[in-house]
Structure formats: C-alpha cells, structure tokens
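# Observations on chain architecture
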Amino acid sequence: MNAPFRTAAGGRHDRGRPVSFSFDGKTYQGFAGDTLASALLANGVCLMGRSFKYHRPRGVIAAGSDEPNALVSVQRDAARYAPNLRATQVELYEGLSSESQNRWPSLAFDVGSVNNLASPFIPAGFYYKTFMWPRKAWDRFYEPNIRAAAGLGRSPTEADPDRYLNRYAHCEVLVVGGGPAGLAAALAAAQGGGRVILADEQTELGGSLLSATDATIDGKPSDDWLAETLASLAALPNVTLLKRATAFGYFAHNMIGVTERLTDHLAAPNAATPRERLWNIRAKQVVLAAGSIERPLVFPDNDRPGILLADAARTYLNRYGVKPGKRVVVATGHDGAYRAALDLHRAGVEIAAIADLRPNPTGPLVEAARAAGLPIRPACAITGTSGGLRVITARLSPIKGAGQVGPAQIVPCDAVLMSGGFTPSVHLFSQSRGKLRWDQDLLTYLPDQSAEQERSAGACRGRFGLAEALADGFAAGAAASGAEVSRTFAVEALEGDPRGVIGALPHDRGVNAKAFVDWQNDVTTKDLKLAVREGFQSIEHIKRYTTTGMATDQGKTSNLNALGVVADVLHKPIPEVGLTTFRMPYTPVTFGALAGLARGDLFDPVRATPIHDWAAEQGAVFEDVSLWKRARYFPRGSEDMEAAVRRECVSVRAGCGIFDASTLGKIEVVGPDAAEFMNRMYVNAWTKLGVGKCRYGVLCREDGFVTDDGVVGRIAKDRFHVTTTTGGAPRVLGMMEDYLQTEWPDLNVWLTSTTEQWAVIALQGPNARRILEGLVEGIDLSPEALPHMSLAEGRIRGVPTRLFRVSFSGELGFEINVAADHGRAVWEAVWAAGQPHGLTPYGTETMHVLRAEKGFIIVGQETDGTATPDDVGLTWAVGKAKPDFVGKRSLARPAMSEPDRKQLVGLYTDDGAVVLEEGAQIVATAGQTPPMRLIGHVTSSYYSAVLGRSIALAMVSGGRARLGESLYSPSPVGDIPVKVVPTVFYDPEGARVNG
Amino acid sequence: MLLITCPYCGPRPELEFSHGGEAHIARPEKPSELSIEDWTQYLYLRANPKGLHAERWRHLHGCARFFNALRDTTTDQFVATYKAGEPRPTGGAA
Ligand SMILES: [Zn+2]
C-alpha cells in the first residue's frame, strides 16, 4: 500500500526495500533511505512535536540539521534511548521505535498547551520576572515544576552500553561539506597530492545536488555527475570521505572536531562496531563549504503543522518522493521558492497561490512559473493561517506601502511553503574567530577576514548558484592545496536572484498575533519588541532575555530574522545591532562521543604499589590517594575501621608494624652541584649533611608558604635521595626543573623521578631491629652504626637496598627501599621474619594516628598554602645562615611574623571521649551566635588508643601563646570545650625512636 | 587545541605541554637585598597584555624542557617559539 503523500516514482530512497517503523506507538511503512521525517510526511503525519514553552502543535519545517521542531526520541532498548534527535536526520531502519517529546498525555491532546492560552501572561523574561521570589520557593517549587513541564526529552535510565572511539587525524586539506562547492574543492585539493579529508553530516555526499532534478553539469544530469565525481574521489588514495560526520567545532590552530555516526542507522548493529567515532582532525588548510540555511518568513501563525520551508519541501519531493501536500500555498520573498513550486507542479501538486512580497518578481525562475501558469501574486504578504493540527487555509493580503496591507483573502490549502532566502552557514567560520562583514546587497553576514588557515567556498560565502559554487569550491581547493590546477564546469540550471528578505512581514492582525522567529524556543516578534521596549539594546542581552537563538538548534533558522526585527524596532541598520556569537557544537554531540573510551576503569589511570596484591589478599580496605590505591586498614574478623585502627596503633607501639610506603614521591638529585641546588630549593641547610645521613626537608614556594616536605638522604657527595608527599611528587619535580632549567642553568645537576623505581617497606616499632637483623647483609644495624636519621646501602635477602633509619611514628623505625620488582618478595621475607615478633600490617589510617600522636604534620592537611614553616612549628628546619633559598625573601616580610598568625597547636577536648570534627572551627568564648569570631580550625583529629583519649591538631591564631588556654569548638550539639596543649601528645622526650 | 612548536621537538599538540606564565622575569640575584616593593613586583605583578605576550611553556610530556613563546592573546596564534635564554623576538608590546 502506498502512503498517501508518496509520489509514484522518483527519489533516492529504495522503493524495493519497505521498512516498518513506529511513532508514538503507531506503526507505519516507509522505505530504506527515508528519514523519520520524510516517512511520516509520506504517511500524512504532519504533527511531530510540541513547542517548548507554549506546547503548540508543531510540524517539521526543514529537511536537515536546521530543523527546530521535529525533535524525537529513538529507543532501541532500555539502555539505548536517544532523546532530542531531529526527525530529519533519523534514518529509517526496520523496527525503528520513536516517540514525540514535550507533550502529555499525547501529541494530539496536550494538557500543557494551556500555556498557549495563557501566553499573554508568559512574556519575554517571564522566568526572570516571576520566579525570583521567595528565594526558597525556587528549589522546592518553581524549578522542579518548570523542568517537569518543559522537559525536552528524557534521559535514558541505564548506563550507555555502546562503545565510542576517538581518533586523531592529520591532513593537508580538510573540506567541510559535501555539496557542489565541497566536492569541487576536494577534486582540486586532491591534485595537490596531500592528504584530503572531506566530511559531511548527511547520509550521502552531494548536498543540494541530492534534491536537484533538472540541472546538468558538464553535459550530464547532476545525478550522474555526482555519482562519477564520488567514484573518482573514492578511488584516490589520498582522499578520505566521511559521511554522517558532523564538523561540530572549529578549535584553535585548525583542529576540527567531527563526530561520525556509525551504527544509528542500522537495524541490527554489529556489537563490535562503535556507535560513534570522534575525529580530532588537525588540518594544514581548511575549506569550509558548509552551504546555507533557508530562512523562514516571520508572519502570524507561521508555526502551524503543514507550513515548511520551500526548499525543504523540494528536498522531500525530489530526494524522498514525498509531497508536502496536495494543494499548496507558496509564500516567498525569494526566487528559490519558485523552483520548489515548479517541481511540485510537475509532480502533480496543485499550487494554489504564490504570494510574493516583491512588487515585480522577475528572472528565469519566475518566468518559468509564469509559463507553467502558476498563479503568482506580486506584492502579496501571507498574514495568517488556520487549522488545528494541520494548516487548512492561508490568509493572503496585498501590500499597500510600508507596513500596510489591504483586505485579506482566505485560500484553502493543506500546506504552506515559505522562503525568505538563504542564510550562509557561517557557524564554523565564526567559531574559528574569523571576522564577518554585513553584505547589504545579499542582506546577510559573510565571512571576511580569516583567523585560521581557512577559506570559505560556495553558498556559505554567498556564492549560491550551482555554477558559481562549483567554480568557487574548485578554486578554494586548489588554493588550499597549492595545486596549480584550473577547471571550468559547464552548468545548465535555472538560477534565481540570490537576494531575499529578513525580519517580520507586514500584517493587520494586531499586537497579539503570534509571528514566530525562533521556533524551538518559542520566541515571537512580540517578545523581541517587548525586550527592546524594556530597555535592552544589545543583541547579546536581547538574546539572553528572550532566549532567541539559544535553543539546541543554535538559531540556525532564526538568528537573522531576529536581527531584522530588532534592527527595525531600534531604527538602526543591522550591522550596528551586531551579531551574537556562534558557539559550538553546530549540532548536539553525545556525551559518549566526547568521553570516548575514558569511562569506567579507563576514566583515570590507577596506580598500585608492588605490595598492592598482598594487601588485597590480606583483606585490606583501600582508599584513593591521588591516583594511588593505598591500603587504609587491615580489618580482622568483624572489625570496623575504628576497631582495626586502634588494634594496629597499639601493635605498632607495643611490638612492630609493617607499612607500605611505596607511594612516597622520590626524586634522585645528582651532580657536582647537587648540594648547592638543594640549598637553594629547600629551606634546610644541606652542605654539612654527611654522606649516609638523612634530614627532614621542607620546601616552600617563592611566596614563603610550605608546599611539600619529606626525608632526604645523602647517598653520596653528589647524590641525594629526595622523598616527597604522595600527591606532591610531580609538582615538586616540576618546580625543581623550572628553577634548574630557567633560573640556574649553570648548575650541573640532573633530576630523575624514581617514585616507581623503589618499593618502600616501613618497619616501625620497638621490635623493628630484631626483625631486620637476620635479613640484611653488609649493613650494621647497631644504633652506633646506623643511628636515627641515617641510611646504609647493602642487601636484604640478596636484594640491593637503601635502608633508611627514619620514623614517622616516633618508634624505632626503618624504611627499606628495594627495586620495585623485588618489593613483594622482600615484603614477604620481612613479613615471615616478623611473625615471632608480632608483626602487624597497618594502613594509612593508623599511619595518620601515629604521626598525629607525635605532632608530625601532613602537608596539605595541617597546611593549606598559607602556612609558613614557622606557622607549623618548623622554624628549626630553616637554615638561617643561608643567603638565599626559595621563599626566604618572602618569609622576611613583616606579615609573615605577625604574632596573631594561625599557628599549629595541640587540642585536648575536656571530655577525652569526644573526637572533634576535622575542619571544625575554634572560637575563644562559649555561647557565641553567628557571625562568630573564628580564631582557628581543627586540621587533624583522632582517637588515640595508646593515650586512651582523643587528640587533635589545630591552626589557631597566636596559638603558641595560648598554651593552657580554654577554647571552644562550635558544633551542632553545642560548644565543645577544648584546651590548648603542645603538639606532641605521645613520648614528648622522643626516647622511643631509639628503641 | 593549540599546536605548539617546541624548539627542540617541533610541532606538538597542546596536551603535551604545560603553561608556565610570563617569560623573561628573572629571579633576582640577591632577593634579600630587594625592597618589599621590588620583591612584590617580582613575585606577583605580571603584564597580562592584550596582544603579543612572551610566555613560558614546558614540553612536559615530551623533552620536558622549558622554552619561551610569543603568542597573541587575542587570537591564540603563536608568532614564535624560542629557547630559554634567547632574547625575545622583536614585535608587540614589551
Ligand atoms: Zn620538546
């Protein structure tokens, strides 16, 4: 059975391959090669959506990516639900299931359309004016309800199961657009010998040629010429042709983002094929052949289903074999509509009238229409339409001078074609930061000065005719590639006058008539005029106030008309009104395409230490520290974190603990000037540090604030083993490289990141030496030979090691550095040797408690980028005799030694069972109400099992002078009294470090 | 994404680089002898010009070297890239 609006023959779709599909639950028949829009039109379905604000019934007006109305959702299965697709770009496949949006309960009967009746009360800026007060109502009431009522489609409820790929490509010439100009450009560019990529958003390459009927090129029908041209381009090894590939963004330095859709058009996609591929194309030269977009006419009731752009109607007829109606009124200010009228007339469609705004339409297309007997009405404006869910009449009025019309005549019809002319698609050119210029003759903006290695060709720079587009494209391709080629194209086609109209048409329908400018965001001429009346002058402000051009279609069909209306009201020429910025993406891009493979496990790298698997086998609970996975605690039985940490802490202090410190950043600083370099970088003095000794180093930024810390060992006179915080290693190395390369290039020093090269096994506790004794060779572990803060090189279980005697717990401690590959074997050897001594594995949480009990800071926890060494009690580390180090001059600023600076102190809660919140504020007196005077904050807070009470570190204004004072920490349950105490809570004499 | 010509490696995508702020600001030889005003000038105040800007880049994920570039801040186009230590090419505001 043939669909009622399908022609008997013609079109590029495959009449041999019928396809069934559904729209809003009803099943229809179409053909392979149809779009959802063409197949619905063929079945007489005009109503395809409801408008955003007023829920007005809407039909399709365009045939391509410029479509503002026919937004649909396509569902393959529960997880594959794609909302907000333009029906004009959805390719039909067997079983395609689609639905309309923004309507409830059904497309034909929509409750939300009461907004349409209420529309006098929904003027421009309505949301800004109405929903401002009371503030609290916004979150609870206004926003949820506005969103529910206005939803443009809905999100899928399951994670996207499809795969998306991402690739880089380089070429000498990228051609955007596969119409006549783009094809000619590619033909020429290919002869330059370089790599040429041609990308086009459509299913087929050819652009306007896909809907041409009577044109001939080089003596051949345009269809044949197109087929031959595509075959010859495809045969060239240096040419890549991309279909269904939208150039959506023009990025700096000729990087063009292109999304290629690979499976959306297939009934049963191969699971191995990605759904989309994102091409990042870096081109030496770009040829933009993006074509043009037909402009609607702005007249009252211009949004009724059945009203569509004239050239879109021609595309439906010639490319898809679909008639837009049986009796059609054509309204135009441009010759192009005559081409559509002639083609429709030839296909047997009755042309009820051609209402031409121009008083004396002339030219070959107009003459051809006259010759065909089509009823042309010069100086005639369309001033209204009627019909419920489809147009049934058009109202035509003679124009009587400026802005005046005479008595109207009602003309029955079932479709209205409109054309205001064509707007060059300058989106990508404008994104490239190229400068546009206003062309008063063509009434449009055209590309002027390029900002990138780029040139426009064809209709996107106002060369609308087929012959001139081909010639322009070829010349652009030749220039882009540097090929010394020339070619002429013999074209036979009826060409019209390129000039059209912009802005609102005259009418006699009063101020409340709805003449839409922006279909997708429901903006009318009345809204634009109101915005100007309320004082908005800049087009950028008017755009935001009325939302014109701000919908997902980026104002493709509306921008120029909006400018025309505003210029008219402001009594200014258009170039003085300006132009809003064209933003990427040209058409919406899926998140999947942008994310590519960077999802789930591949979202971010995961760094794991050589000991990771052992810890996992022991049931460790891990935490993320920068990109690292670190064992946080090792629960036994049913222990929670609190219980596990208390046990681990006690075990370390009573016997011995083993801790994976491999994530510590490590930098090897080597060279004759290594000590001098260290002197200049770190606050400490390094010259006198003996070989085999260690020192706690503090690194400041040039502004004097602490940025990193760590133990540094001197391996040799010219070699330092520097450790940094886990998260700080790349930053510290970058900072060192910066000074070394740019400030002190005379220093003979090499810096090497060794973080991944060393596994670090920390052994902490009174039994540590006893455990190690049987394992090391060539190292004397005695306190005399290897005192606290020293290091030795030797072997452990046969593996070369740098053994540091250091402690981050206050206990006798060693850090065993071995090559990462041997890390686990050595760890297991130590683990086995420790069994008789109660060796306990512990994680980062226990490490934190142990160091806090000793008052050791964590950079980034006690410090926040505004703490000096003195603020955190590290004055002793600063080499005062040194003439200079990074940050020294800043530390001498008066503000850096103000007595009321926040200083590190210890806090004891009066009730030792109460553990303060980290980040909690400190105040001097109880009972304050906001705004309180805050004098400090808690930086670290734990329950100390060894001390049997809570402990906290805090940064408190003038803290060190407050020792013994009572302060308070405001909390939801009231002010918590605390006492200021020294920062070292446990073993203040420091005896335990000696075992 | 910018295309940046490392003076050592050639043109590479911006992803491989890190930006290092304004170029040709030498750390004073003897900071301790600087007045607070001069030190503040060195530490905090930068030109931030509209137009040609000499700035530091580091080819972090390549040769790891710092170099200098002359970039037009209004167009993002590079006029020149050159090795650290070399004088700023002529052109643009100082
Ligand atoms: Zn490089």
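Located above this text is the structure these notes cover.
So, here is what we can say about the structure in this document. (Residues numbered from 1 in each chain as written. Chains lettered and ligands numbered in written order. Predicted model: local features only at pLDDT ≥ 70, side-chain atom pairs only at ≥ 80, totals over all residues. Heavy atoms only, no water.)

## Looking at the nonpolar core
All names here are of chain A. Convention followed: Think of a nonpolar core as a cluster: buried Ala, Val, Leu, Ile, Met, Phe, Trp, Tyr and Cys residues, connected wherever their side-chain atoms sit within 4.5 Å. Think of it in three bands: with a 1.4 Å probe and only protein chains considered, a residue is buried below 20% of the maximum accessible area for its type, exposed above 50%, and partly exposed in between. Note that the domain bounds were set by an automatic or database domain assignment. Residue contacts follow a heavy-atom distance rule, with two residues in contact if any of their heavy atoms lie within 4.5 Å.
With 79 residues, the main nonpolar core has Leu-36, Tyr-316, Leu-396 and Leu-417 as its most contacted residues. Two domains each donate at least three residues to this core, and these are domain 1 (14–117) and domain 3 (296–360 + 385–420). Sequence-distant contacts of Leu-396, defined by excluding residues within four places in its chain, comprise Val-329, Ala-353, Ala-355, Arg-377, Cys-380, Ala-381, Ile-382, Thr-383, Pro-407, Ala-408, Gln-409 and Val-411. Judged by nonpolar contacts, the second largest core, of 35 residues, contains Tyr-842, Leu-850, Val-859 and Phe-985.

## Side note on the packing of helix H18 (residues 641–654) of chain A against helix H23 (residues 844–853) of chain A
Residues and elements named next belong to chain A. Inclusion rule: Comment: axis = line fitted to C-alpha atoms, over the contacting stretch for helices; angle = value between 0 and 180 degrees taken between N-to-C directions. Only DSSP runs of H or I covering at least 4 residues are called helices, and only runs of E covering at least 2 are called strands; the numbering of each starts at the N terminus. Note on terminology: angles under 35 degrees are roughly parallel, angles over 145 are roughly antiparallel, angles of 65 to 115 are roughly perpendicular, and the others are oblique. Take the far helix as your reference; a near helix turned counterclockwise from it by less than a right angle gives a left-handed crossing, and one turned clockwise gives a right-handed crossing. Only Asp, Glu, Lys and Arg are considered charged, only Ala, Val, Leu, Ile, Met, Phe, Trp, Tyr, Cys and Pro nonpolar, and every remaining residue, Gly among them, polar.
Relative to each other, H18 and H23 sit at 55°, their axes nearing to 9 Å. The angle between H18 and H23 places the two elements in the oblique class. Viewed along their axes, H18 and H23 form a crossing whose handedness is right-handed. Contacts between H18 and H23 involve Met-641, Val-645, Glu-648, Cys-649, Val-652 and Arg-653 on the former and, on the latter, Glu-845, Thr-846, Val-849, Leu-850 and Glu-853. In the contact of H18 with H23, the residues fall into six nonpolar, one polar and four charged.

## Concerning the coordination of the zinc ion
Each angle at a metal carrying four tetrahedral donors should ideally be 109.5 degrees, and each at a metal carrying six octahedral donors should ideally be 90 or 180 degrees. Residue and element names in this part refer to chain B. Note the following rule: Coordination shells were defined by N, O and S atoms within 2.8 Å of each metal, extended to 3.2 Å for Na, K and Ca; water is absent from the atom set, which can make sites look incomplete. For a four-donor site, all angles between 85 and 135 degrees give tetrahedral; for four or six donors, opposite pairs above 155 degrees with the remaining angles between 65 and 115 give square planar or octahedral; all remaining cases count as irregular.
The protein atoms that coordinate the zinc ion are Cys-6 (SG), Cys-9 (SG), His-59 (ND1) and Cys-63 (SG), at distances of 2.0 to 2.3 Å. Metal-centred angles of 106 to 117° between the four donor atoms at the zinc ion mark the site as tetrahedral. Look at where the donors of the zinc ion fall in the sequence and you get C-x2-C-x49-H-x3-C. Of this pair, Cys-6 sits in strand S1 (residues 3–6) while His-59 is found in the loop between strand S4 (52–58) and strand S5 (66–72), placing the two residues 53 residues apart along the sequence.

## Notes on unusual backbone geometry
Residues and elements named next belong to chain A. In this chain, Met-584 is followed by Pro-585 through a cis amide linkage whose omega measures 0°. Within the secondary structure layout, Pro-585 lies in the loop between helix H15 (574–577) and helix H16 (591–595). The omega torsion of the bond from Pro-930 to Pro-931 falls at 0°, within 30 degrees of zero and hence cis. Structurally, Pro-931 is set in the loop between strand S47 (921–923) and strand S48 (934–944). Despite not being glycine, His-55 shows a phi value in the positive range, around 55°. If you trace the backbone, His-55 turns up in the loop between strand S3 (47–50) and strand S4 (57–59). Backbone geometry at Arg-797 places phi at a positive 50°, although glycine is not the residue there.

## Quick look at the interface of chain B and chain A
Selection criterion: The term buried area refers to how much accessible surface (probe radius 1.4 Å) is lost by two components on association, counted for both of them together. For this document, the term salt bridge refers to a Lys or Arg side-chain nitrogen within 4 Å of an Asp or Glu carboxyl oxygen. N or O atoms closer than or at 3.5 Å make up a polar contact, with two conditions inside protein: a donor-capable atom paired with an acceptor-capable one, and, for residues adjacent in sequence, both atoms drawn from side chains.
Residue-level contacts link 27 residues of chain B with 29 residues of chain A. Ranking the residues of chain B by area buried against chain A places Met-1, Arg-27 and Phe-66 of chain B at the top, with a combined share of 30%. Linking chain B with chain A are four salt bridges, by the criterion used here. Residues Asp-76 of chain B and Arg-433 of chain A are paired through a salt bridge, measuring 3.1 Å at the closest nitrogen-oxygen approach. At the junction of chain B and chain A, the tally comes to 20 residue pairs in polar contact (both at pLDDT 80 or more). Where the side of chain B that touches chain A is concerned, the elements lending two or more residues are helix H1 (36–44) and S4 of chain B.

## A short note on the sheet that holds strand S41 (residues 776–777) of chain A
All names here are of chain A. Here is the rule: At least two DSSP bridges between two strands are required for those strands to pair.
With respect to topology, seven strands assemble into an open sheet ordered S41-S42-S43-S44-S40-S34-S45, the strand pairing being mixed. Two strands bound the open sheet, and with one partner strand each, they are S41 and strand S45 (839–841). Note: S41 against strand S42 (residues 790–796), two bridges, orientation antiparallel. Paired with Val-776 across the strands is Ile-796, a residue of S42.

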